[in-house]
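Remarks on the overall topology
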Amino acid sequence: MQKLSTRKFLNNRVVWLYIFSGGLVLSTILLGLFYSSVTIPIPTILHIIADQTLGLGWMQEVPGNEEAIIWNIRFPRVLLAFFVGASLALAGAAFQGLLRNPLADPYTIGVSSGAALGAVFVIFFQFTIIGLGNFTLPIVSIVCGFLTLMLVFGLVRLSSRSMAIETIILAGIIIGAFLGSIISLIIALGDRDSMMQIIYWLYGSVGMRGWSYVQLIVPFMLAGSFMLIIHYRELNALALGEDAAEHIGVNVKKGKIFILVGASLLTGASVAVSGSIGFVGLVIPHLVRLVTGPNHRHVLPLSMLVGGSFLILADILARTIIAPKELPIGVITALIGAPLFAFLLIRDRVGRGKTR
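Keep in mind that what you see is a predicted model, and the values were worked out from it rather than measured.

**Concerning the overall build of the protein**
- When helices and strands are tallied, the protein shows 14 helices and 0 strands.
- Reading the secondary structure of the protein in the N-to-C direction produces α-α-α-α-α-α-α-α-α-α-α-α-α-α.
- In summary, the protein has a C-alpha radius of gyration of 21 Å against a globular reference of 21 Å for 356 residues, a match within 12%.
- The buried share of the protein, taken over its 356 residues, is 49%.
- By sequence separation, contacts in the protein at least 24 residues apart represent 74% of the contacts at least 6 residues apart.
- Entry remark: accessible area of the protein is about 17900 Å², with carbon and sulfur atoms responsible for 67%.
- The distance from the centre of the 24 positive side-chain charges to the centre of the 15 negative ones in the protein is 14 Å.

Spelled out as structure tokens, the structure:
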């Protein structure tokens, strides 16, 4: 009887967490649309979105400039921030679950650096793959990110047959630093305009992107999210170790491939459309796991919702804290994420010390 009541309480708590996360997403989206240098009433914002998407507007007349601001500038920016934050948080949760280490995320294991190098090549040389058009940028980023991940695992395999988690993260940091030096070399070889463009892009931003960038990330986000969420059981099993996972009937090799490909899709597409934005994939899954526990059935979708909301809030700060100028969003996420993650690590270490 006590077990049933405990399980019911946990299920109710998870339901409330989903409700809270959904409300957080809606409120941050509305806040991102409302809060800026030009204030537009929320009923007008809702009318514009309903009219443009469903044709259900209820107002007689809306000024053309307000409609252009909401539909062409703010709404795609807010959606892009949500999609990038959700993708990075989900990829971080998958990498942490796969490697069984809270320090694992797309940046610490080098995937983001590889994706950034691919994107810098496309931006610097201004080339387009025949048949891909605008999708050249995200596809090159995804391929380079995945190849970097394979390079990290190959280096670890050569140096240590045991594939220790700490060795993987160390190899990712080393390769990330090496790829960063190549990016710096490309910047140094370019002219002033291309140098400024690449540097600003590397800091991370979702401003002035428009609907074309939203269209670029959506298919990769959907595919990557689907691949990870349907393999939550494999992530749960891998938390016990690969040998234990195989013992209970999990196809470890197949599951790892799907998880790595899905996380690389999310990371590469995010880096391609927004540049380098750190700490989202590191901090958000850790926070979510503290509340929900280790079950990836809930960690993965809730990380998406909270990560997307977090990046919307970070973007609001980036464009308002020194208005009319804008800060790169990567600066905001680092300023918030680094101290927060340090606090979480210290708290976790202190908690372990007390239990001994």
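**So, unusual backbone geometry**
- For R100, which is not glycine, the phi torsion reads 55 degrees and is therefore positive.
- Take R100: it is sitting in the loop between helix 3 (64-99) and helix 4 (111-125).
- Its identity is not glycine, yet F279 carries a phi of approximately 75 degrees, on the positive side.
- Looking at where F279 falls in the secondary structure, it is placed in the loop between helix 11 (252-274) and helix 12 (280-292).
- On the basis of relative accessibility, which here comes to 27%, the residue F279 falls in the partly exposed class.

**Digging into helix 3**
- A rise of 1.5 Å per residue sets the reference length of helix 3, with its 36 residues, at 52 Å; its end C-alpha atoms lie 51 Å apart and thus fit the reference within 8%.
- At R74, helix 3 is bent by approximately 35 degrees, the largest bend along its length, and proline P76 sits one to four residues beyond.
- Counting buried residues along helix 3, 30 of its 36 residues qualify, which places the element largely inside the surrounding structure.
- The positive-phi residue at the C-terminal boundary of helix 3 is R100, with phi of around 55 degrees.

**Thoughts on the side chain of R77**
- In this fold, R77 is placed in helix 3.
- Excluding its chain neighbours within four sequence positions, the residues that come into contact with R77 are V206, G207, D315, R319 and E326.

**A look at the packing of aromatic side chains**
- Under the definition given, this model contains 7 aromatic pairs.
- Each ring, one from W71 and one from W211, has its centre 4.9 Å from the other, and the planes form 40 degrees; the classification is tilted. Linking W71 in helix 3 with W211 in helix 8 (residues 211-229), this pair joins segments that are 140 residues apart in sequence.
- We classify W211 as partly exposed; its relative accessible area is 24%.
- Pairwise contacts between aromatic rings join W71, F75 and W211 into one cluster.
- The ring of Y213 has R209 lying over it, and the distance from NZ or CZ to the ring centre is 5.6 Å.

**Details of the nonpolar core**
- Membership of the largest hydrophobic core comes to 97 residues, with the highest contact counts inside it found for V84, F95, I109 and V280.
- Sort the elements by how many residues they give to this core and helix 3 lands first, with 21 residues.
- Ignoring anything within four residues of it in the chain, the contact list for F95 reads R100, A104, D105, P106, I109, V111, L149, L260, A263 and T267.

Conventions and cut-offs
Residues numbered from 1 in each chain as written. Predicted model: local features only at pLDDT ≥ 70, side-chain atom pairs only at ≥ 80, totals over all residues. Heavy atoms only, no water. Helix = DSSP H or I, 4+ residues; strand = E, 2+ residues; numbered from the N terminus. Rg over C-alpha atoms; globule rule 2.2 N^0.38 Å. Buried < 20%, exposed > 50% of the residue type's maximum accessible area, 1.4 Å probe, protein only. Contact = heavy atoms within 4.5 Å. Areas by Shrake-Rupley, 256 points an atom, 1.4 Å probe, with all protein chains shown as cover. Lys, Arg positive; Asp, Glu negative; His and termini not counted. Charge placed at Lys NZ, Arg CZ, Asp CG, Glu CD. Expected span 1.5 Å × (residues − 1). Bend = angle between axes of the 7 residues up to and from the residue. Phe/Tyr/Trp six-rings, centres within 6.5 Å; stacked < 30°, edge-to-face > 60°. Lys NZ or Arg CZ within 6 Å of the ring centre and 35° of its normal. Core = buried A, V, L, I, M, F, W, Y, C linked by side-chain atoms within 4.5 Å.

Spatial relationships are all this shows, so hold off on functional conclusions.
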